[in-house]
Structure formats: C-alpha cells, structure tokens
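Listed below are the residues making up each chain.
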Amino acid sequence: MKPITKSAKLVWLPSLLAASLVLSACNNTSQNNDPKVTANTTSDVVADPTVTATDTTNAVPATAEQTMIDNLPRYRWILATAMDNNNQPLSALMAIKDQVTLNFNQYQGQNSVSYSVGCNTMGAAYQLEDQKLSIEDSMSTKMSCGDLDIVENRLNELMQGDSELSLVVGEVTELTQVTSDGVTLVWTGKMTPQAKYKGKAETVFWAVSANTKPCVNNNGQMCLQVKPVTYDEQGRKINEGAVVEFAGTIDGYEHDNTQDQVLRLQRFKTEADTVLVDNIDSEYAYVLDTVIETSAIR
C-alpha cells in the first residue's frame, strides 16, 4: 500500500453511517497515527437484578438470516478470489487482493458495511433477507488514491445493489458473494480480536527496541526489549517506564531489527497465559493497533 500523502476528508454522511466509517477507518492500522485515540471495545452486557430469569426452553431459534447477521461482524474479511461471470479472474482486484477488505458492523442496532482497496473507506447501511444482501447509496472518505482510483470505483460498483451471500464457518471461514451481474467474490474471514478474546480492550503504548536479547529465563529464546509509554490528553509523551523483556507475541506485528518503534496496542484479558517474563502481566493478549513512531537505529 502506498503512503497516503493527503489527509482524509469525510463527506457528509448520516450520523449512523459516519460513525461506522470512522470506526472502520480506525481499525485500519496503517492510516491512524494519533496516540490519543482510545481502544475500540466491545460492549458489556450489564445484568439487571430486577429482571427475573426467563425459561428459554421455548425460545424461538435464530433464523439462518439472523445467524449470518450475527456472524458477519465477528470477522475481518479479506478478498481471496474475484471472478467474472465467465469464471475469469478480475485482474485489477486480484493483483491487490490482500489489501481488499470488507467489514460488517452493528452499531446501535443498525447494520452497516464498509469496504476498501487500501485507500478510502466506503460504506453504507445494508439489509439481509434470505441471504440476499442489499446495499444502496454508499458514502466514502475522499482521498486521492492514484492508481487505486480505478480499482476502488470497480469495487464500489460491485458492492452496490443486490448480491447473494453464503457463509461457511470453520477452520477456514469463507464468505461467498455473487453479484447481480454474476461476479463472484470469495472473502476469507479473520476473527476480530474482540470476537476472539471475548472482552474489552485497553489501549497501551510500548516503545520497542530494534535490538532483541536472549531471555533471562530462557537463553535459547530472544526477547523483545520494551518500555511502557504514557501520553497526556494532547498526545504528548510524558513518561517512559523501565525496559522490560517480552517473550510473547503481538498479533499483527512483525519485529524490525533496523528500527526502534513505538506501538499502540490493544490489550485483552485472556484465560490462557502468554509467555512473558519480568513484570508484564501474563494474563493478556496483545494486538497491534498501529505503529505511531519509527526511528532507524545507527
């Protein structure tokens, strides 16, 4: 993906869809460098002690349609294949398929969808009835995307109108979308951190050294050297903690031994221990939100 040289400007949107697009844009870790942004979290369901338990033995089972609506937001969808109505690949989309993404959102009881080829975020409210997806009147952020403009317009054309969906949830989760003009898009689902870890995230910042060292308790393993970082409300760095070894993994992060980096992470409480040493809690999973600062080592 080429660097964005112009700032995003959101066109007028209905407030609900605008909120959905903003959330989707924040999830794109390559485009958001504001350390002040707090974590996106899943909502807690708070029990009301005045409400008595309900006998669920006669509960109406969820329809296939509702099951799909509930499952779609649990995944971040990445394009796997794009074929025209003659079963020939759509070369423009296939050339950049790893950066073509689709996200379904549920916000204040409403369903919306957003999609991107790696530049602007396009989105709209959607309806799903008997596996028929209907999307009309999409909105978009407005950035100049250079060579991606044509591909972006093509994806937007494909997403508009009606298409048929089929969902297979398993070891490999796939969503197949057949548009009204016979184009078949197959999307591979990667479970979102919120769905995977089933909880709220806390935003933390780590300064990660380019240099790794053998772990104190296991010389055969290399540990990241990290320092917790604190920012004030204006995004100014106000404190750096002591260096701590980290022997675990950060979902979505690949260490670069030529650069010192400051990472914004989403930290999730988990039941399974992550292998850590020293004084970083071992009961958390870490997911990369974005790299907010990079400096080459000399």
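Scroll up to find the structure this text is about.
Below is a summary of the structure that appears in this document. (Residues numbered from 1 in each chain as written. Predicted model: local features only at pLDDT ≥ 70, side-chain atom pairs only at ≥ 80, totals over all residues. Heavy atoms only, no water.)

1. Some details on the overall build of the protein chain
Move 1: Along its length, the protein chain carries 5 helices and 17 strands.
Move 2: Residues counted as buried form 40% of the 298 residues belonging to the protein chain. (Helix = DSSP H or I, 4+ residues; strand = E, 2+ residues; numbered from the N terminus. Buried < 20%, exposed > 50% of the residue type's maximum accessible area, 1.4 Å probe, protein only.)

2. Structural notes on the nonpolar core
Move 1: In terms of nonpolar packing, the biggest core is built from 35 residues, with Leu 93, Leu 102, Phe 104, Tyr 126, Leu 155 and Trp 187 touching the most fellow members.
Move 2: Of all the elements in the fold, those that place two or more residues in this core are helix H2 (64–71), strand E1 (75–83), strand E2 (101–107), strand E3 (110–116), strand E4 (122–129), strand E5 (132–135), helix H4 (148–159) and strand E9 (184–191).
Move 3: If one sorts the elements of this core by residue count, H4 sits on top with 5 residues.
Move 4: By size, the runner-up hydrophobic cluster in this structure holds 14 residues, among which are Val 226, Val 244, Ile 250 and Tyr 286. (Core = buried A, V, L, I, M, F, W, Y, C linked by side-chain atoms within 4.5 Å.)

3. Points about the state of the cysteines
Move 1: Evaluation of the coordinates by the stated rule reveals 2 disulfides.
Move 2: At a sulfur-sulfur separation of 2.1 Å, the disulfide partner of Cys 119 is Cys 145. Taking the sign of the S-S torsion, about -85° here, the bridge from Cys 119 to Cys 145 comes out left-handed. Pair noted here: Cys 119 is in the loop between E3 and E4 and Cys 145 is in the loop between strand E6 (139–140) and H4, with a separation of 26 residues, a long-range link. Pair check on accessibility: Cys 119 and Cys 145 agree, each one buried.
Move 3: Across the disulfide from Cys 215 sits Cys 223; the S-S distance is 1.9 Å. (Disulfide = S-S within 2.5 Å.)

4. Points about a negative patch on the surface
Move 1: Residues Glu 129, Asp 130, Glu 136, Asp 137, Asp 162 and Glu 164 make up a contiguous surface patch of negative charge.
Move 2: Its place among the elements puts Asp 137 in the loop between E5 and E6. (Patch = residues over 30% accessible without salt bridge, like charges linked within 9 Å, V, L, I, M, F, W, Y side chains within 5 Å. Areas by Shrake-Rupley, 256 points an atom, 1.4 Å probe, with all protein chains shown as cover. Salt bridge = Lys/Arg side-chain N within 4 Å of Asp/Glu carboxyl O. Lys, Arg positive; Asp, Glu negative; His and termini not counted. Charge placed at Lys NZ, Arg CZ, Asp CG, Glu CD.)

5. Observations regarding the environment of Gln 266
Move 1: Of note, Gln 266 is situated in strand E16 (residues 259–269).
Move 2: With a relative accessible area of 8%, Gln 266 lands in the buried category.
Move 3: Here Thr 203 takes part through its side chain, which lies 3.4 Å from a polar atom of the side chain of Gln 266.
Move 4: Here Asp 289 takes part through its side chain, which lies 3.0 Å from a polar atom of the side chain of Gln 266. (Polar contact = N/O pair within 3.5 Å; in protein donor to acceptor, adjacent residues only side chain to side chain.)

6. Focus on the pairing of strand E10 (residues 201–208)
Note on strand geometry: in a regular strand, side chains alternate between the two faces of the sheet.
Move 1: Burial within E10 is extensive, with 7 of its 8 residues counted as buried.
Move 2: With 8 bridges connecting them, E10 and E16 associate as antiparallel partners. Note on E16: the bridge partner recorded for Ala 201 is Phe 268. (Pairing = 2+ DSSP bridges.)

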